[in-house]
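Reading the structure
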Amino acid sequence: MGATDLRGQIDLLLLSVLVAEPAHGYRVIERLREQSEGTFDLTEGTVYPALHRLERSGLLESHWADDAPRRRRVYAVTQAGRGSLATRRRDWAAFAGAMQAVIAQ
Amino acid sequence: MIERWLAEFDRHLRVHGRRRRRVIEELDAHLRDGAAAHGEPEAVRRMGDARTVAVSFTPRAADRLFEQRDRLAALLMLSAMAASLPLARTMEQLGSPGSSHAFAWFLAFLTPTAAVALVSCLAVLRRRPLGARLAAPLLAMVAVTAAVVLLDLPPSRAEFRTYTAAETAQTRHQCSAADPGCVAADHASEIRINYSLGALTLAGFYLWAVTGWTPRRRDGRRRAIA
């Protein structure tokens, strides 16, 4: 499943991955792939603009970490991001439930 | 391959200054991690088309404006407070000497409300969580103050009697516009209605902008904006 299929849900996925543990972009993409068992195999270049947008919105914060052999930008969810994630999770659960109710018939 | 991808990306990136350097450094690190794990061709393939990625870093003006709505609301609130200062000065002048109504009014309602608004706005501008947390109490304080003014309850009742007296004096004697009493008379209706409803509207907008809070819909759920 690529970025086009996930349009509108990428923010929810990124916040969900990062709320467990702060991480840099490469690790975020790895976790997305691992946790979805390969279903969410994103074009990696699409993840960084989303991370930057979430940071500008105040939902993420970031800092440089000097991990050898190169320094990386590590992202973490802010307090506002946690609140937004809780709302998005509820909305998604309601949406998924309604979809399931319709398509299961 | 990585250098060629980054050069292509750099050519199309419409982001400037420190942010540009940061974006390029992040993607460079990402590509080298990918190359170490899967080889350069696969790392570049996974990253996607350089031009498309570069373009997606350029936010539309409307998106940027929406993302900054909390700070814009804070600036609007601070501007409205600054614009109200001459009125506050007039009230203070009317309240002294001889009458303590204006002072009591300031102390009981306006000063705490203004202080909460100021702290909240400064916190929002610095993206501190306190700013959003104070937005709902601020709306409540503004609502109470507006209700007191609009329902003509004490201590505002005595204050507006002073205005009425000044208005009468203005009508009878054509007093000077430099006289605070005359100025207050000119603004009596604005203070009572326009300022109260304006402050309520502004505080409601501020709450929406900094927290994403909206009234409940019919299904009982709130809409999320952030």
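One structure accompanies this document, and this report is about it. (Residues numbered from 1 in each chain as written. Chains lettered and ligands numbered in written order. Predicted model: local features only at pLDDT ≥ 70, side-chain atom pairs only at ≥ 80, totals over all residues. Heavy atoms only, no water.)

**Description of the pairing of strand β3 (residues 72–77) of chain A**
Residues and elements named next belong to chain A. Our working definition: Throughout, exposure labels follow a simple rule: accessible area from a 1.4 Å probe, protein chains only, divided by the maximum for the residue type, with under 20% read as buried, over 50% as exposed, and the rest as partly exposed. A run of H or I in DSSP counts as a helix once it spans at least four residues, and a run of E counts as a strand once it spans at least two, with each numbered from the N terminus. Note on pairing: DSSP must find at least two bridges between two strands before they are called paired.
With respect to burial, β3 is a largely interior element, 6 of its 6 residues being buried. Of the two faces of β3, the one carrying Arg 72, Val 74 and Ala 76 and the one carrying Arg 73, Tyr 75 and Val 77 are both buried. Where strand β1 (residues 23–24) and β3 come together, 2 bridges link them in antiparallel fashion. What sits directly across from Ala 23, in β3, is Tyr 75. In the sheet, strand β2 (residues 60–65) pairs with β3 via 6 bridges, with the strands oriented antiparallel. Bridge pairing links Glu 61 to Ala 76 in β3.

**Details of the sheet that holds β3(A)**
Formally: In this analysis, two residues are considered to be in contact whenever any of their non-hydrogen atoms come within 4.5 Å of each other. Only the stretch in contact is used when a helix axis is fitted, and all axes are lines through C-alpha atoms; the angle between N-to-C directions ranges over 0 to 180 degrees.
Taken in spatial order, the 3 strands line up as β1-β3-β2 (chain A) in an open sheet, and their pairing is antiparallel. Edge strands, defined here as strands with exactly one partner in the open sheet, are β1 and β2 of chain A. Seen against the sheet, helix α2 (residues 17–38) of chain B touches β1, β2 and β3 of chain A and runs at an angle of roughly 100° to β3(A).

**Regarding the packing of aromatic side chains**
The following threshold applies: In summary, the pairing rule links any two rings of Phe, Tyr or Trp, Trp by its six-membered ring, whose centres are within 6.5 Å, and it sorts them by plane angle into stacked for under 30 degrees, edge-to-face for over 60 and tilted for everything else. Criterion for a charge above a ring: Arg CZ or Lys NZ at most 6 Å from the ring centre, at most 35 degrees from the ring normal.
Tallying each qualifying case throughout the model produces 4 aromatic pairs over all chains. Judged by centre distance (5.5 Å) and plane angle (40°), the rings of A:Trp92 and A:Phe95 are tilted. Of this pair, A:Trp92 and A:Phe95 both sit in helix α4 (residues 79–103), 3 residues apart, which is roughly one turn of that helix. A relative accessible area of 45% places A:Phe95 in the partly exposed class. These aromatic residues form a ring-pair network of at least three members: B:Trp5, B:Phe9 and B:Phe57. The aromatic ring of A:Trp64 is capped on one face by A:Arg71, whose charged end is 4.1 Å from the ring centroid.

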